[in-house]
Amino acid sequence: MKDWQQIELTHEEYMRYSRHLIMPEVGMKGQRKLKASSILLIGAGGLGSPLGMYLAAAGVGRLGIVDHDVVDRTNLQRQVMHGEQDLDRPKVESARDRIHDLNRNVEVITYREPVTSDNLMRILDDGYDLVIDGTDNFPTRYLTNDACVLRGIPNVYGSIFRFEGQATVFLPRDFNGFLRGPCYRCLYPTPPPPGMVPSCAEGGVLGILPGVVGLIQATEAVKLLMGIGEPLVGRLMLYDALEMRFRQLKLKRDPNCPVCGDHPTVTELIDYQEFCGYAGTTNGHAQDAGFQIEPKELKATLDDGQAVTLLDCREPVEWEISQLAGAKFIAMDEVAERVNELDTADNLVVYCRYGIRSAQIVSFLRDLGFAKARNLRGGINAWSREVDSRVPEY
Ligand SMILES: [Zn+2]
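Residue positions are given per chain, counted from 1 along the sequence in the order it is written. Confidence filtering applies because this is a predicted model: local features only for residues at pLDDT of at least 70, side-chain atom pairs given and counted only at 80 or more, and all residues used for totals across whole chains, interfaces and linings.

Chemist: It is not clear to me how the sheet that holds strand β9 (residues 292-293) should be interpreted in this structure. Could you clarify?
Modeler: Paired through backbone hydrogen bonds, the strands of a sheet run either parallel or antiparallel to each other. We treat two strands as partners when DSSP finds at least two bridges between them. Numbering of helices and strands runs from the N terminus, with a helix taken as a DSSP run of H or I at least four residues long and a strand as a DSSP run of E at least two residues long. Pairing within the open sheet is parallel, and its five strands lie in the order β9-β13-β12-β10-β11. In this open sheet, the two edge strands, each paired with only one partner strand, are β9 and β11 (328-329). As paired elements, strand β12 (residues 348-351) and strand β13 (residues 374-376) share two bridges and run parallel to each other. Bridge pairing in β13 places Val349 opposite Arg374.

Given below as structure tokens:
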């Protein structure tokens, strides 16, 4: 962190931050510390939106934002940093403009790239005091954790799904007067098998939920940087929006943790896709010839009058949103027990929303001898875009 005693506030900033300056816990010292601070936000999405806006408004000096995505209409339900006029723009650019509209004094550094083992250390070399994890996938969470532990940087963690959220602070070394605590690997030593934990894109999320969880993260970040209060270290905050309940779990550092333990075995970044089982081995048949069928090819096959059995393996609520005519519906987790309703001789085409879950089902079916089972590439959404726009994309 820059030396806050070298940081001065302008007259405009005295005015802007006056509600902070009159609180004894913050005061001139706290505000100058915030201005001296650099935070790296990983992800400019649901969590990144409230984080980016409130941290900027609060007067953090420098915000780095990493995100490789562009703004999509499905984002607008919760990613309030982006608006209608930002559709198709890179999220980092939309975020930078919104932040500068809130507070010109904040320096924004954008990284339009996915975080990987190859670039995260280089990004951290730009001098960040604290990292906030606003991502939604396991490889990035483990990557962020390990990089922060190796560099000794606090990592403010949050995750969201449907109506439930989690937040905690991983402090790999004493920081600003606060004692170190456990890391993400102490909490989750091994990643779940791929496909076991659905993402928000697959399972949905209440649009308001990331606001609550992101602002817990933002609160923890400014407390850590100012050195005030009791940080959320060694405690996992669980939030249930449906029941409107907060609970806390105590977390302990694991002395045998492979990265933050007493005798660490992970001393540099690894391949996190492989670590989380995403390296292609999980979908044994995905490389097979004829594993996938293009939406247009399926359309031509159906128009040609060829017999095709369409299998929809989504969830019942998705079946209510959209369907392909004549499709048979068996939800993904029921396929195994209802497989006798299918015929191995059939030309089977399986679809879901994006073609990810259905690819797992096709692999499973091929293992059982359904040699002609194929996956609809891009799922029903690709069908909507490329073949029949009357089927709503969602
Ligand atoms: Zn650990």
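Chemist: What is the right way to read helix α14 (residues 357-367) from this model?
Modeler: One full turn of an α-helix is made of 3.6 residues, so residues set three or four places apart face in the same direction. The burial label depends on the number of other C-beta atoms within 10 Å of a residue's C-beta. Counts of 20 or more mean buried, 12 or fewer mean exposed, and intermediate counts mean partly exposed, with C-beta atoms placed from the backbone. Most of α14 is tucked away, with nine of its eleven residues classed as buried. When we look at burial in α14, the residues that qualify are Arg357, Ser358, Ala359, Gln360, Ile361, Val362, Phe364, Leu365 and Arg366. By the convention adopted here, residues make contact when the C-beta atoms placed from their backbones lie within 7 Å. Structurally, α14 contributes buried residues whose contacts are with β12, β13 and α15 (379-386).

Chemist: Please clarify how the environment of Arg366 should be interpreted in this entry.
Modeler: For Arg366, the position within the fold is in helix α14. C-alpha separation for the pair Arg366 and Phe291, spaced 75 residues apart in sequence, amounts to 9.4 Å. In this view, Arg366 contacts His285, Ala371 and Ala373; residues no more than four positions away in its chain are not counted.

Chemist: Can you walk me through the sheet that holds strand β3 (residues 107-111) in this structure?
Modeler: Ordered in space as β3-β2-β1-β4-β5-β6-β7-β8, the eight strands form an open sheet in which the pairing is mixed. At either end of the open sheet lies a strand with only one pairing partner, and these are β3 and β8 (245-250). In this sheet, neighbouring strand axes are inclined to one another by 15° on average, regardless of whether the strands run parallel or antiparallel. One ladder, built from six bridges, connects strand β7 (residues 235-240) with β8; its direction is antiparallel. Looking across to β8, one finds that Met237 is bridged to Gln248. Axes here mean lines fitted to C-alpha atoms, for a helix over just the part in contact, with angles spanning 0 to 180 degrees between N-to-C directions.

Chemist: Whenever I open this one, the nonpolar core confuses me. Can you help?
Modeler: Soluble globular proteins tend to pack their nonpolar side chains together in the buried interior. Here a nonpolar core is just a set of buried residues of the types Ala, Val, Leu, Ile, Met, Phe, Trp, Tyr and Cys, joined wherever their C-beta atoms sit within 7 Å. In this structure, Ile39, Leu63, Leu130 and Ala221 are the most contacted members of the largest nonpolar core, which totals 66 residues. If one sorts the elements of this core by residue count, helix α10 (residues 209-226) sits on top with nine residues. Those residues within four positions of Leu63 in sequence are excluded, and the remaining contacts are Ile39, Leu41, Gly52, Leu55, Ala56, Ile99, Val106 and Val108. By size, the runner-up hydrophobic cluster in this structure holds 20 residues, among which are Leu348, Ile361, Phe364 and Leu365.

Chemist: What is the right way to read the domain arrangement of the chain from this model?
Modeler: Note: interface size is frequently given as the accessible area lost on complex formation between the parts. Domain start and stop positions are those given by an automatic or database domain assignment. When its domains are assigned, the chain resolves into domain 1 (37-275) and domain 2 (292-386). Here the C-alpha centroids of domain 1 and domain 2 sit 36 Å apart.

Chemist: What is the right way to read the pairing of β3 from this model?
Modeler: Put simply, side chains in a regular strand alternate between the two faces of the sheet. Relative to β3, strand β2 (residues 62-66) is paired through five bridges, and the arrangement is parallel. Within β3, the residue paired with Leu63 across the bridge is Val108. On the question of chirality, the crossover connecting β2 to the parallel β3 by way of helix α5 (residues 91-102) is right-handed. Seen with its strands pointing away from the viewer, a crossover is right-handed when the path leading from the first strand over the helix to the second is clockwise.

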